[in-house]
Amino acid sequence: MAMPVLISAETVEKLLRYGELVPRLEVALGKFSSGKGEIVQPVRSVLAIEKYNGYLGVMPAYSAHDDVLATKIVAFYQRDQPSSIPAHQASVLLFDPEHGTLKAVMDGTVITEKRTAAVSAIATKFLKPVQADVLCILGSGAQAVSHYKIFTEMFSFKEVRVWGRTKENVDRFARTVRGPVRVCSSVKEAVLGADVIVTVTMATEPVLFAEWVKPGAHINAVGACRPDWRELDDTLMKSAVLYVDTREGAMKESGDVILSGVFGPYFCSLSQS
Ligand SMILES: NC(=O)C1=CN([C@@H]2O[C@H](COP(=O)(O)OP(=O)(O)OC[C@H]3O[C@@H](n4cnc5c(N)ncnc54)[C@H](O)[C@@H]3O)[C@@H](O)[C@H]2O)C=CC1
Ligand SMILES: O=C([O-])C1=[NH+]CCC1
């Protein structure tokens, strides 16, 4: 049997362009949310690697229409100390759906960085205020960088602000993106007056509080992806209109949804948890 093709991070980085990724993801999200079963993607299984403060998630998906069967496997770690190894590492396995033969193994780390930012950008396109001048990014890791890149490519913000937990991380962020950015020394300074906010921290307690958020602002709440992690406070969660990819996923994984106790008539299916 032929060996599966190996596709490296460098190749994915080169081939996966936001210009192609965004329209394809937009179609996929529409199909996923249609409820017609065109894309089958059960809520992922996540195993805790307690000894190392990490998690391993298995994320299978199948589209009969596109004849695609794949799974992403992602490992992610909470760290107190900086490391040269990324906190999130992923691989994507692609199978022949008819027989289950493994066809390709590709780097999923770059895919994760780009896909997540692209989904936030799609949600922002539909949900941001008409006049959106100020973008605020809370967090300064890999997702902060990918969100900066696509948000500055797709939208015309007059100002981009970033806040990070440590100066070292924020300096690395500023060096990596190389574009204009205002580095803020507090979350409040970064958030006041922002029209679009992205939360991409690994915080386990709220960092974003309702009292600082401009009425009508759109928030992409990305980071609190464990049932006991938080980024947004209860008041903000209760006063917001929520859009998620699936109710099931949000109820199983989103600490902001689960711990704030919001799950009511405003809950619609559209973007990400
Ligand atoms: N919803 C989704 O589909 C996805 C969610 N994520 C989540 O997004 C978040 C960011 O991911 P990456 O940028 O890849 O991680 P990263 O490790 O590269 O960056 C995380 C950033 O959060 C900061 N941080 C850690 N603890 C913090 C705390 N208590 N308060 C404030 N900041 C804190 C770190 O200093 C770092 O700058 C993670 O929580 C990750 O699990 C990542 C990929 C997909
Ligand atoms: O979808 C993903 O790759 C992840 N979600 C939470 C951490 C990584």
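Everything in this summary refers to the structure shown in the same document. Since we're looking at a predicted model, the values are computed, not measured.

1. Re the sheet that holds strand 9 (residues 182–183)
Spatially, the five strands line up as an open sheet ordered 9-8-7-10-11, and their pairing is parallel. Pairing within the sheet leaves two strands with one partner each, and these edge strands are strand 9 and strand 11 (218–221). Pairing geometry for strand 7 (residues 134–138) and strand 8 (residues 159–163), over five bridges, is parallel. Within the sheet, the bridge partner assigned to Cys136 lies in strand 8 and is Arg161. Relative to the sheet, helix 4 (residues 142–154) contacts strand 7, strand 8 and strand 10 (196–199), its axis offset from that of strand 7 by approximately 165 degrees.

2. With respect to the site of ligand 1
Neighbouring residues of ligand 1: 24 residues in total, closest Ala87, Gly141, Gln143, Thr201 and Ala203. At the level of secondary structure, the elements contributing two or more residues to the shell around ligand 1 comprise helix 3 (109–127) and helix 4. Top element by residues in the shell around ligand 1 is helix 4. It accounts for three residues. Here the residues of the shell around ligand 1 are counted per class, giving 10 nonpolar, 13 polar and one charged. When residues are assigned to domains, the shell around ligand 1 turns out to be shared by domain 1 (5–111) and domain 2 (119–269), each giving three or more.

So, how was this worked out
Residues numbered from 1 in each chain as written. Chains lettered and ligands numbered in written order. Predicted model: local features only at pLDDT ≥ 70, side-chain atom pairs only at ≥ 80, totals over all residues. Pairing = 2+ DSSP bridges. Helix = DSSP H or I, 4+ residues; strand = E, 2+ residues; numbered from the N terminus. Contact = placed C-beta atoms within 7 Å. Axes fitted to C-alpha atoms, helices over the stretch in contact; angles between N-to-C directions. Near = placed C-beta within 6 Å. Nonpolar A, V, L, I, M, F, W, Y, C, P; charged D, E, K, R; others polar. Domains from an automatic or database assignment.

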